[in-house]
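Observations on chain architecture
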Amino acid sequence: MRPYDAFLLISFGGPEGEDEVIPFLENVTRGRNIPRERLAEVGEHYFLFGGVSPINQQCRDLLAAVTADFESADIDLPVYWGNRFWTPMLTDTLEQMKKDGVRRVLAVPTSAYCNWSSRTAYLEDIDRAREALGEDAPEIDLVRPFYDHPGFVDPLAEYTRDALDRLPADQREGVRLLFSAHSIPTAMAERSGAPGETYGPAGAYGDQLHEVARLVVDRLDREYPFEIVYQSRSGPPSQPWLEPDVNDRMEELAAEGVPAVVVVPHGFVSDHMEVKFDLDVEARETAEKLGIGYQRALSPGTHPAFVSMVTDLVREYTGRAEQQRLSELPPCAMGQCSC
Ligand SMILES: CC1=C(CCC(=O)O)c2cc3nc(cc4[nH]c(cc5[nH]c(cc1n2)c(C)c5CCC(=O)O)c(CCC(=O)O)c4C)C(CCC(=O)O)=C3C
Ligand SMILES: [Fe+2]
């Protein structure tokens, strides 16, 4: 028997028209402590782009590339896609899978790290969607966090080199690399990772973000000074979230005489709205105001190495030879963090 009979991409979802923005934001923030002003503000980010988040098209593009890669790797798995917060909704996709007779599913999330929001929330949503289907809901394995897989790290390194190349030589000389990830509440960060393990102040999430930054910098033409910054904070002001914010840090660096920054959105898999607005609009404006150089590296998106990583994860979990589960073998990973 084949270990899996379908592949599933699980993503966040995003609106694709002005009338979808508010209902989408309501889905994302249901039961969560997000102030209304923050919601209105985030809504404006989407309206600036006609109410269209790039994330769904990025998922379609990734799925098309993965389908082609499966074909050339002789992997014969039907490909499905379900989102946590907008159509195609995960629950509907699971129902379709059940109708199609799918029994065992390997799922890859568009989220590389370990914290509640990037992993546990996906697992909980999978459970909820399965429960809604009752008895013979397809079984779903979610692949491990892939933040230190070469298929994630190498595209980031290549795109960081490209961003550095776009800077004038004098700015490049003194540039600071800012590796940017989604801020989360500090309490959520502290709980990230394997229970009983010890981590830095931002939990496994913070350690993993540092590790990936280090792996990327090791792949550049020289040692560049780098640091981790955070973006896209929400929640009430009274609640501590991971800092420094990318814009605040740029201000300090400019005051210290740093001539330019390259921002690497290594906390993300694709250039979705939080990259397009919070970095390409907001952080860029901050740099202009401060009079420092600014370049933003691309995120992995549909880089061929990232697409191959998905195929590789399917192989890892499926077992290449005698249909053995390779998850017992060491995973393809460059870093040391456990999770
Ligand atoms: C760690 C993390 C990732 C990275 C990886 C992952 O986990 O996938 C991520 C990704 C994304 N976040 C996204 C959008 C939003 N996230 C929000 C709110 C929140 N995100 C959080 C964390 C993360 N988010 C948290 C702790 C909250 C607070 C509410 C809560 O505790 O749940 C809100 C509500 C309004 C706001 O406050 O911004 C929106 C609209 C989109 C879609 C972008 C598009 O449309 O292109 C994507 C890929
Ligand atoms: Fe988010």
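Residues numbered from 1 in each chain as written. Chains lettered and ligands numbered in written order. Predicted model: local features only at pLDDT ≥ 70, side-chain atom pairs only at ≥ 80, totals over all residues.

What follows is about the packing of helix H6 (residues 150-165) against helix H13 (residues 304-318). H13 packs onto H6 with a crossing angle of 175° between their chain directions and a minimal axis gap of 8 Å. Taken together, the axis directions place H6 and H13 in an arrangement best described as roughly antiparallel. Touching Gly 151, Phe 152, Asp 154 and Pro 155 of H6 are Ala 305, Phe 306, Ser 308, Met 309 and Asp 312, all from H13. (Axes fitted to C-alpha atoms, helices over the stretch in contact; angles between N-to-C directions. Helix = DSSP H or I, 4+ residues; strand = E, 2+ residues; numbered from the N terminus. Parallel < 35°, antiparallel > 145°, perpendicular 65-115°, else oblique. Contact = placed C-beta atoms within 7 Å.)

A few words on the UniProt feature "binding site: Fe(2+)" (unreviewed entry) in the protein. Mapped onto the present numbering, the UniProt feature "binding site: Fe(2+)" (unreviewed entry) falls on His 182 and Glu 274. The largest pairwise C-alpha distance within this set of annotated residues, which runs over 93 residues, is 8.5 Å, so the set is compact in three dimensions. Considering the arrangement of structural elements, one finds His 182 in strand E5 (residues 176-182). Once you skip the residues sitting within four places of it in the chain, His 182 turns out to touch Gln 231, Ser 232, Gly 267 and Glu 274. Positionally, Glu 274 belongs in helix H11 (residues 273-276). Overall, Glu 274 belongs to the buried group, with 21 C-beta atoms counted inside 10 Å. Sequence-distant contacts of Glu 274, that is, excluding residues within four places in its chain, are made with His 182, Gln 231 and Ser 232. (UniProt positions renumbered as here; feature names shortened; annotations may be inferred. Buried ≥ 20, exposed ≤ 12 C-beta atoms within 10 Å, placed from the backbone.)

When the UniProt feature table is mapped onto this chain, "binding site: Fe-coproporphyrin III" (unreviewed entry) is found at Ser 53 and Tyr 122. Positionally, Ser 53 belongs in the loop between helix H2 (36-47) and helix H3 (55-72). Excluding residues within four positions of it along the chain, Ser 53 makes contact with Gly 14, Pro 15, Tyr 46, His 272 and Met 273. Take Tyr 122: it is sitting in helix H5 (residues 116-133). Beyond its immediate sequence surroundings of up to four residues, Tyr 122 is in contact with Ile 10, Pro 109, Ser 111 and Leu 142.

As a matter of local geometry, ligand 1 sits amid 24 residues, with Gly 14, Ser 53, Ser 234, His 272 and Met 273 nearest to it. Contributing elements (two or more residues each) for the shell around ligand 1: helix H1 (21-29), H2, H5 and H11. Considering each element in turn, the shell around ligand 1 owes the most residues, three residues, to H1. Residues belonging to the shell around ligand 1 are distributed by class as follows: nine nonpolar, 12 polar and three charged. In terms of domain composition, the shell around ligand 1 takes at least three residues from each of domain 1 (6-146 + 303-328) and domain 2 (150-296). (Near = placed C-beta within 6 Å. Nonpolar A, V, L, I, M, F, W, Y, C, P; charged D, E, K, R; others polar. Domains from an automatic or database assignment.)

The next thing to look at is the sheet that holds strand E1 (residues 6-11). As summarised here, the arrangement of the four strands in space is E2-E1-E3-E4, forming an open sheet in which the pairing is parallel. Every other strand in the sheet has two partners, leaving strand E2 (79-83) and strand E4 (139-142) as the edge strands with one partner each. Averaged over all pairs of adjacent strands, the angle between their axes in this sheet comes to 30°, without regard to strand direction. Pairing geometry for E1 and strand E3 (residues 104-109), over five bridges, is parallel. Within the sheet, the bridge partner assigned to Ile 10 lies in E3 and is Pro 109. Lying over the sheet, helix H4 (residues 90-99) contacts E1, E2 and E3, oriented at roughly 150° with respect to E2. Contacting E1, E3 and E4, H5 runs over the sheet at an angle of about 175° to E4. (Pairing = 2+ DSSP bridges.)

The domain boundaries assigned to the protein delineate domain 1 (6-146 + 303-328) and domain 2 (150-296). Centre-to-centre separation of domain 1 and domain 2, based on C-alpha positions: 24 Å. Of the residues lining the interface, 27 residues belong to domain 1; the matching set on domain 2 comes to 24 residues. Breaking the side of domain 1 that touches domain 2 down by element, the ones donating at least two residues are H2, H3, H5 and H13.

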